[in-house]
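Observations on the model geometry
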Amino acid sequence: MVKNYSGLNLRGKSFKGQDLTNANFNGSDIRGANFTKAILKGANFSETTSGLQLLPIVCTIALSLLIIALGSIITGIGAIVLVGLWDLEKDIKITITTYIVILISLLAFAIITVAKNFLHGLFVAILVLTPSLFLSFIVSKANTTIIGQFFFGIAILCLIGIGWIIIALANIMMINIISYLPIVIFIGLIINLISAGSLLIKVPNITKSTLIGLTIVIVSILGNYIGWQASKGSEKFSWIKKVAISINSIYGTTFFSADLTDADFTGATLKNTDFRKANLTRTRFYKVKKLDFARPGNTILSNPAVLNLLITLNGRNKSYIGANLRGANLIGADLKEANFKNADIIEATFQEANLEWANLTLTQAIGTNFTKAQMTGACVEAWNIESTTILDDVDCRFVYLLEYPKPGTDDRERRPSSGEFQPGEFTKLFEEVLNTVDLIFQNGIDWKAFVNAFDQVQNQNRDTELAIQSIENKGDSVVVVKVAVPENADKEKIHSDFTQNYQLSLAAVEEKYKAVLQAKDEEINFHRQQSGKIPEMIISLANKPINVQIDNKVENENMTKDSSRKIEIGNIGGDFNASGQALNLGEISGTVINTINELATAPEPDKPGIKELLTQLKTAIETDTDLTAKDKEKALKQVKSLAEAAQNPQEKQDLADTAITMLKGTIANLPTAAKLVEECGKLLPLIAGFLGLS
């Protein structure tokens, strides 16, 4: 049964650990209530009032006044020490020089503290004191008293700086309670004057008393200013505000470790409220008041920009690059032209939000709800979505798959390429990637390392069937490999496993390259970038998946129970052995000739057709003495790709073009006088002509 506490006075009540799923607290007074570890899924806290009860408020104000008095006394001590240096009965040169230098340092301390922060101010003030020390030392004819005065100056700066901080802290505590700034400042000044007066009674000299009092008042004003800046969200003084809120929220409303999934705080007042370790998945904070005076802990509320977005739902043309928006409730938000590049929006909800022309590049959108969102013109390059991502009824005319145009063009891979999406087409476009894990390679792919890593991931996830769905070359050596996985697979683990294994395999492969070829780092990078061209061929073949039987013979004793495994891989440039062992060259040759023989024979014997040209190319590759067996294997696979393309030239031009590019790359390292170079120079242009590439 759903519990209804609507409009009730629940001050100081304890709901610790209770299951209050879908409970209704609308309009209730929950000041001082304890919801620690309570289950509050779907609970309604709209228009509630949280924070401190009357007694804690009185105690907080009293504590703030005591802290202001303490700050004033500490400042007064610093002022007394400073003014005490002014003694005309002593060496006038030492007195005047030291006094002026310390005053200049104090002025620099104040200016830099306000402009930057406390530590910067102290550092600059000491920098001012240091050269002045040597100058004073010279003026006073090497009088060692100056050294003592120097350290006195540092002590004065520290005392006055501590006074500033304490006064600022107390002001924030009071602003959090009283809210009206002029009253807080007035009370603070009164306490400052009273504290100063208590110190000045013991200073009979009128001149000195005036200087001390003036110093205390100035420091008090600066302390109030710093407190005001901190209360307004100034980053340079944010730590002071955090300390003040931590103190104030001790006896306030607490949701510590509570589960607030889908809870609604619309219009609530939440100052002095503890949200540390709370589950805020899809928790709604629209039009909430005083949330910046709540204690957020490490939740998404700790980011001021995100907090403001959750309250106002206005993020138009704003940047949230790399922001933690996990579980954010942004229903109906205006996010037009917002930049969410590399942001974490896992389990967030953007229902009916305006995401037109937003940048969603590299966003983590697993479990994210985009139902009825407006996404026309959005960039979704390499965004991470899966089966739990909801794209129902998305209003979208077109999207872009690239953040920036391809080099030398204005092509951002618009989808659809022309026209607009019809209703439901946007969702259909991305359905095929919902059950995939995206592997992004920024500097091309080393295929030996890839195959080794893929095999290791398969071994580590024995109950999960993995299949390479597609490989996309994004340009600039950026390659995206989409691995199809079952709906309930642990995609995060698979991605993490592959990343770790690929880096280990890559390091091993590169070490091997260095040992065998004595390659430099530049040569290794070139090898990987050239390998990045391979996906161009794979993309065309990925739509024709084949089953490859893999005999994964492993010496490791822990893996002998599963020595033969079957991995389904979208035809990656033809057949290959995922365990890294080369297939028998004769078997490949037989496969190639069988594919070629499926083509029609030329009608005129003296005019060879595509079948005859491919046969000549195959023979030239097999008989060449400059190619290694591995290179012959690779080259024959490209001949096989050309034969497959020749069966349907109009639809497989990309495949043919990639195969010819790969063949040219294979022979690029051969001597110019090599027979295969000569044969390819004659045959490849003719083959390209038959396939409509010239």
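On to the environment of Asn-597. For Asn-597, the position within the fold is in helix α14 (residues 585–597). By relative accessible area, which is 43% here, Asn-597 ends up partly exposed. Taking the C-alpha atoms as reference, Asn-597 lies 9.0 Å from Thr-615; in sequence the two are 18 residues apart.

Two numbers describe how helix α15 (residues 610–623) lies on helix α18 (residues 675–690): the axes approach to 10 Å, and their chain directions differ by 155 degrees. Taken together, the axes of α15 and α18 are roughly antiparallel relative to one another. Crossing hand, α15 versus α18: left-handed. On α18, the residues that touch Ile-610, Leu-613, Leu-614, Gln-616, Leu-617, Ala-620 and Ile-621 of α15 are Leu-676, Glu-679, Cys-680, Leu-683, Leu-684, Leu-686, Ile-687 and Phe-690. Considering only residue class, the contact of α15 with α18 consists of 13 nonpolar, one polar and one charged.

To continue, consider empty space enclosed by the protein. One pass over the structure, following the stated rule, counts four cavities of 30 Å³ or more. Volume-wise, the second largest cavity comes out at about 50 Å³. Taken together, Thr-113, Phe-118, Trp-164, Ile-165, Ile-226, Phe-237, Trp-239 and Ile-240 form the lining of the second largest cavity. Breaking the lining of the second largest cavity down by element, the ones donating at least two residues are α4 (145–178) and α7 (238–248).

Across the seven residues that make up strand β5 (residues 478–484), a large majority, six, are buried. Two elements, strand β3 (residues 436–441) and β5, share six bridges in a ladder whose sense is antiparallel. For Phe-441, the partnering residue across the bridge sits in β5 and is Val-479.

Moving on: the pattern of salt bridges. One side chain can pair with another of opposite charge once the charged atoms of both are near each other. Scanning the entire structure with this criterion turns up 18 salt bridges. With a closest N to O distance of 2.7 Å, Asp-29 and Arg-11 form a salt bridge. Here Asp-29, found in the segment before α1 (54–84), pairs with Arg-11, found in the segment before α1; they are 18 residues apart in sequence, far enough to count as distant. Since its relative accessible area comes to 13%, Asp-29 is described here as buried. Residue classification places Arg-11 among the partly exposed positions, given a relative accessible area of 35%.

As a further point, take the side chain of Ser-28. Following the sequence through the fold, Ser-28 ends up in the segment before α1. Of note is the side chain of Ser-28, whose polar atom sits 2.6 Å from the backbone oxygen of Phe-25. Apart from the residues lying within four places of it in its own chain, the contact partners of Ser-28 are Tyr-5, Gly-7, Leu-8, Leu-10, Thr-48 and Thr-49.

Moving on, we get to the packing of aromatic side chains. Following the criterion strictly, the structure yields 31 aromatic pairs and no others. Pairing Phe-265 with Phe-285 gives two aromatic rings, centres 5.6 Å apart and planes at 5 degrees, and the pair type is stacked. Within this pair, whereas Phe-265 is found in the loop between α7 and α8 (304–312), its partner Phe-285 is found in the loop between α7 and α8, the two being separated by 20 residues in sequence. Both residues of the pair, Phe-265 and Phe-285, belong to the buried class. Taken together, the ring pairs in this structure connect Tyr-5, Phe-15, Phe-25, Phe-35, Phe-45, Phe-255, Phe-265, Phe-275 and Phe-285 into an aromatic cluster. When the ring centre of Tyr-400 is taken as origin, the NZ or CZ atom of Arg-412, which lies over that ring, is 4.3 Å away. Over the ring of Phe-398 we find Arg-414; its NZ or CZ atom is 4.3 Å from the centre of that ring.

In this chain, Arg-415 is followed by Pro-416 through a cis amide linkage whose omega measures -5 degrees. The topology assignment puts Pro-416 in the loop between β2 (414–415) and α9 (425–431). Of note, Asn-272 is a non-glycine position whose phi angle comes to about 55 degrees, a positive value. Residue class for Asn-272 comes out buried when judged on its relative accessible area of 1%. Residues other than glycine seldom take positive phi values, yet Arg-282 does so here, at roughly 60 degrees.

Attention now moves to the environment of Ile-156. Take Ile-156: it is sitting in helix α4. With a relative accessible area of 1%, Ile-156 lands in the buried category. Placed 82 residues apart in sequence, Ile-156 and Ile-74 show a C-alpha to C-alpha distance of 9.8 Å.

Attention now goes to helix α16 (residues 629–646). If you check α16, its first and last C-alpha atoms are 26 Å apart, about what 18 residues at 1.5 Å a residue would give, namely 26 Å. Burial within α16 is extensive, with 14 of its 18 residues counted as buried.

Residues Phe-35, Leu-40, Phe-265, Phe-275, Phe-370 and Met-375 are the most contacted members of the largest nonpolar core, which totals 68 residues. For this core, the secondary structure elements donating two or more residues are α8 and α9. The element best represented in this core is α8, accounting for five residues. The residues touching Phe-370, leaving out its near neighbours within four places in the chain, are Ile-345, Phe-350, Leu-355, Ala-365, Met-375, Trp-383, Thr-389, Ile-390, Leu-391, Asp-392 and Val-394. Listed in part, the 33 residues of the second largest apolar core include Ile-621, Leu-642, Ile-667 and Ala-688.

Moving on, we come to the environment of Met-173. Relative to the assigned elements, Met-173 resides in helix α4. Owing to a relative accessible area of 0%, Met-173 belongs among the buried residues under this scheme. Through-space distance from the C-alpha of Met-173 to that of Ile-61 is 7.7 Å; in sequence the pair is 112 residues apart. Sequence-distant contacts of Met-173, defined by excluding residues within four places in its chain, comprise Thr-60, Leu-63, Ser-64, Ile-67, Ala-244, Ile-247 and Asn-248.

Bringing the confidence of the model for the chain into the picture now. Chain-level pLDDT for the chain is 78 on average; 74% of the residues reach the 70-or-more range. For the chain, per-element mean pLDDT is lowest for strand β7 (residues 565–569), which scores 35, and highest for α8, which scores 96. pLDDT under 50 marks residues 86–92. Its contacts with residues more than four places away, or in other chains, come to seven contacts.

Here is what the cut-offs are and how they apply
Residues numbered from 1 in each chain as written. Predicted model: local features only at pLDDT ≥ 70, side-chain atom pairs only at ≥ 80, totals over all residues. Heavy atoms only, no water. Helix = DSSP H or I, 4+ residues; strand = E, 2+ residues; numbered from the N terminus. Buried < 20%, exposed > 50% of the residue type's maximum accessible area, 1.4 Å probe, protein only. Axes fitted to C-alpha atoms, helices over the stretch in contact; angles between N-to-C directions. Parallel < 35°, antiparallel > 145°, perpendicular 65-115°, else oblique. Left-handed = near helix turned anticlockwise from the far one by under 90°. Contact = heavy atoms within 4.5 Å. Nonpolar A, V, L, I, M, F, W, Y, C, P; charged D, E, K, R; others polar. 1 Å grid on protein atoms, 1.4 Å probe; cavity = no way out; pocket = protein on both sides within 12 Å on 5 of 7 lines; lining within 4 Å. Points joined across faces, edges and corners; volume = space filled by probe spheres on them. Pairing = 2+ DSSP bridges. Salt bridge = Lys/Arg side-chain N within 4 Å of Asp/Glu carboxyl O. Polar contact = N/O pair within 3.5 Å; in protein donor to acceptor, adjacent residues only side chain to side chain. Phe/Tyr/Trp six-rings, centres within 6.5 Å; stacked < 30°, edge-to-face > 60°. Lys NZ or Arg CZ within 6 Å of the ring centre and 35° of its normal. Expected span 1.5 Å × (residues − 1). Core = buried A, V, L, I, M, F, W, Y, C linked by side-chain atoms within 4.5 Å. pLDDT = per-residue confidence, 0-100.

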